[in-house]
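# Architecture and fold: a report
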Amino acid sequence: MYTPADRMRLARAYVPFQIFSQRLSPMEGLLKGTIFPELYFPYRRQHK
Amino acid sequence: MDRERLALLKELMALEFTALEFNLYLDTHPTDQRALMEFNAILPQLKAVKQKYQERYGPLTAEEPSSYPWQWINEPWPWEICYE
Amino acid sequence: MWIYEKKLQYPAKVGRANVKMAKYLITQYGGPDGELAASMRYLTQRYHMPTPQAKGILTDIGTEELAHLEIIATLVYKLMDRASVEEIKAADLGAYYADHDKGLYYVNGEGVPWTAAYIQSKGDPVADLHEDMAAEEKARATYDWLINLSDDPDLNDTLKFLREREIVHFQRFGETLQIVQEYLDAKKYF
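Everything quoted here is computed from the prediction, not taken from an experiment. The written sequence of each chain sets the order in which its residues are numbered from 1. As a convention, the first chain written is A and the first ligand written is 1, with the rest following in written order. Residue-level local features of this predicted model are given only where pLDDT is at least 70; pairs of side-chain atoms are given and counted only at 80 or more, and the full residue set underlies all totals for whole chains, interfaces and linings.

### Brief notes about the overall build of chain C
The number of helices and strands found in chain C is eight helices and zero strands. Under the DSSP-based scheme used, a helix requires at least four consecutive residues in state H or I and a strand at least two consecutive residues in state E, with every element numbered from the N terminus. Starting at the N terminus and ending at the C terminus, chain C contains elements arranged as α-α-α-α-α-α-α-α. C-alpha atoms define the radius of gyration, and 2.2 Å times the number of residues to the power 0.38 defines the globule rule. Its C-alpha radius of gyration of 18 Å places chain C within 12% of the 16 Å reference for a compact globule of 190 residues. The C-alpha extent of chain C, read off along each of the three principal axes, is 70 × 30 × 30 Å. The burial label depends on the number of other C-beta atoms within 10 Å of a residue's C-beta. Counts of 20 or more mean buried, 12 or fewer mean exposed, and intermediate counts mean partly exposed, with C-beta atoms placed from the backbone. Across the 190 residues that make up chain C, the buried fraction comes to 48%. Our contact criterion uses C-beta atoms placed from the backbone: two residues qualify when those atoms are within 7 Å. Within chain C, contacts between residues separated by at least 24 positions form 79% of all contacts whose residues are at least 6 apart in sequence.

### Comments concerning the overall build of chain A
Helix and strand counts for chain A come out as one helix and zero strands. Counting over 48 residues, chain A shows a buried share of 12%.

### What to know about the packing of helix H1 (residues 3-28) of chain B against helix H8 (residues 153-189) of chain C
As a rule, the C-alpha atoms of each element are fitted with a line to give its axis, helices using only the stretch in contact, and angles between N-to-C directions run from 0 to 180 degrees. Running from N to C, H1(B) and H8(C) cross one another at 20°; their axes reach a closest spacing of 9 Å. The angle between H1(B) and H8(C) places the two elements in the roughly parallel class. For the pair H1(B) and H8(C), the crossing hand works out as left-handed. Touching Leu24(B), Asp27(B) and Thr28(B) of H1(B) are Arg172(C), Glu175(C), Thr176(C) and Ile179(C), all from H8(C). Between 65 and 115 degrees an angle is taken as roughly perpendicular, under 35 as roughly parallel, over 145 as roughly antiparallel, and anywhere else as oblique. Crossing handedness follows the turn of the near helix against the far one: under a right angle anticlockwise gives a left-handed crossing, and clockwise gives a right-handed one.

### Regarding the packing of H1(B) against helix H4 (residues 52-80) of chain C
Running from N to C, H1(B) and H4(C) point in directions that differ by 155°, and their axes come no closer than 8 Å. Considering their axes alone, H1(B) and H4(C) lie roughly antiparallel with respect to each other. The crossing of H1(B) and H4(C) is left-handed. For the pair formed by H1(B) and H4(C), the contact residues are Leu20(B), Asn23(B), Leu24(B), Asp27(B) and Thr28(B) on the first element and Gln53(C), Gly56(C), Ile57(C), Asp60(C), Ile61(C) and Glu64(C) on the second. Its residues assigned to classes, the contact of H1(B) with H4(C) shows four nonpolar, four polar and three charged. Think of it as three bins: nonpolar holds Ala, Val, Leu, Ile, Met, Phe, Trp, Tyr, Cys and Pro, charged holds Asp, Glu, Lys and Arg, and polar takes everything else, Gly as well.

### So, the interface of chain B and chain C
Residue-level contacts link 19 residues of chain B with 25 residues of chain C. Within the side of chain B that touches chain C, the residues separate by chemical class into 12 nonpolar, three polar and four charged.

### A short note on unusual backbone geometry
Here the residue pair Tyr68(B) and Pro69(B) is connected by a cis peptide bond, since its omega of -5° sits within 30 degrees of zero. Tracing the backbone shows Pro69(B) in the segment after helix H2 (33-57). The residue after Glu75(B), namely Pro76(B), is reached through a cis peptide bond having omega 5°. Its place among the elements puts Pro76(B) in the segment after H2. Residues other than glycine seldom take positive phi values, yet Ala11(A) does so here, at roughly 60°. Within the element layout of this structure, Ala11(A) appears in the segment before helix H1 (26-32).

### Some thoughts on H2(B)
An α-helical segment advances 3.6 residues per turn. Residues three or four places apart therefore align on the same side. A helix is expected to span 1.5 Å for every residue after the first. In a regular helix each residue adds 1.5 Å, so 25 residues correspond to 36 Å; H2(B) covers 36 Å between its end C-alpha atoms and thus fits that length. Just downstream of H2(B) lies Gly58(B), where phi reads positive at about 105°.

### Details of the environment of Gln18(A)
Residue placement: Gln18(A) occurs in the segment before H1. For the pair formed by Gln18(A) and Phe36(A), sequence separation is 18 residues and the distance between their alpha carbons is 9.6 Å. Those residues in contact with Gln18(A) that lie beyond four places of it in its chain are Phe36(A), Glu38(A), Leu39(A) and Gln171(C).

### With respect to the environment of Asn23(B)
All names here are of chain B. You can see Asn23 is positioned in helix H1. A count of 15 C-beta atoms within 10 Å places Asn23 in the partly exposed class. Between the C-alpha atoms of Asn23 and Leu36, which are 13 residues apart in sequence, the distance is 8.9 Å.

### Considering the confidence of the model for chain C
Within chain C, residue pLDDT values average 97, and 99% of them lie at 70 or more. Among the prediction metrics, the complex's ipTM stands at 0.98, with pTM recorded as 0.97. Values of pLDDT, the confidence the predictor places in each residue, fall between 0 and 100.

### Things to note about the nonpolar core
Here, a nonpolar core means buried Ala, Val, Leu, Ile, Met, Phe, Trp, Tyr and Cys residues linked by C-beta atoms lying within 7 Å of one another. Membership of the largest hydrophobic core comes to 56 residues, with the highest contact counts inside it found for Ala22(C), Leu25(C), Ile72(C), Leu75(C), Val76(C) and Leu79(C). Of all elements in the fold, only H1 of chain B together with helix H1 (19-25), helix H3 (35-45), H4, helix H7 (125-149) and H8 of chain C reach the threshold of two or more residues within this core. For this core, the element with the highest residue contribution is H4(C), accounting for 12 residues. Counting residues in each nonpolar core, the second largest holds five residues, with Leu129(C), Met133(C), Phe170(C) and Leu177(C) among its members.

As structure tokens, this is what we get:
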């Protein structure tokens, strides 16, 4: 399921597969919007 | 909504959310045994909290036996609850 | 089939009534990158997915989007709660009020009704999954702009939850795309 770089072909999009290792507690996961720390990318408000 | 009920509702949300996260992960990783074990381990906790909530505060789905009169329609509905 | 559970996915809080914010937020109810469009898009595309993983993920994310639709509805309902006609006029929502009072209707922030033209169902799983990944990014960007527009920390708490879900969904669609592409390759060459 994981495609190494040398097997990637042109004109195709790739998203790396997530490999599960650990999870947050249920309540922390709910409040963050994911139980997977490696998928947590919070928004930093930009001042414009 | 009183503190105790709100706390139990949030606990239920957290467990159900954890189950959903594993559900989506397993959809694309059906052979990840560790994730599968964690998913299976969450379910009894989720069921227990669900049962406790329903015993105290009424049905979460219309597939529950009801005392008289029909409990399913009781307010508050989810959008009417103050989640503070 | 679907079974309704009488609870929200997330405790959706609003700090104070704010009609102007309701007007901005309603685009995630019935706008082009909103939750209704997301759910309808995935639930109709799933019939032409070639692998069990793809059928599963579109069903499950399409279902989760219905829960997000309910969260957005709850937020709009609470932001509009007890608003006076004067406040509605001041927030430039008079035209909406004339048609709907405070009833929830599927429109974007400018009052344009929801249309199936917001979504595609190409019948080609690779094309459809690319659309789905783009849809998640567009919804994520919309939540960024909504958070910029809001100064209510309680409201932003729920918007940040919904924003993070877009990121997780993007990841799952990306993994699904890879599975589908490998499946189609194998079918071609063996």
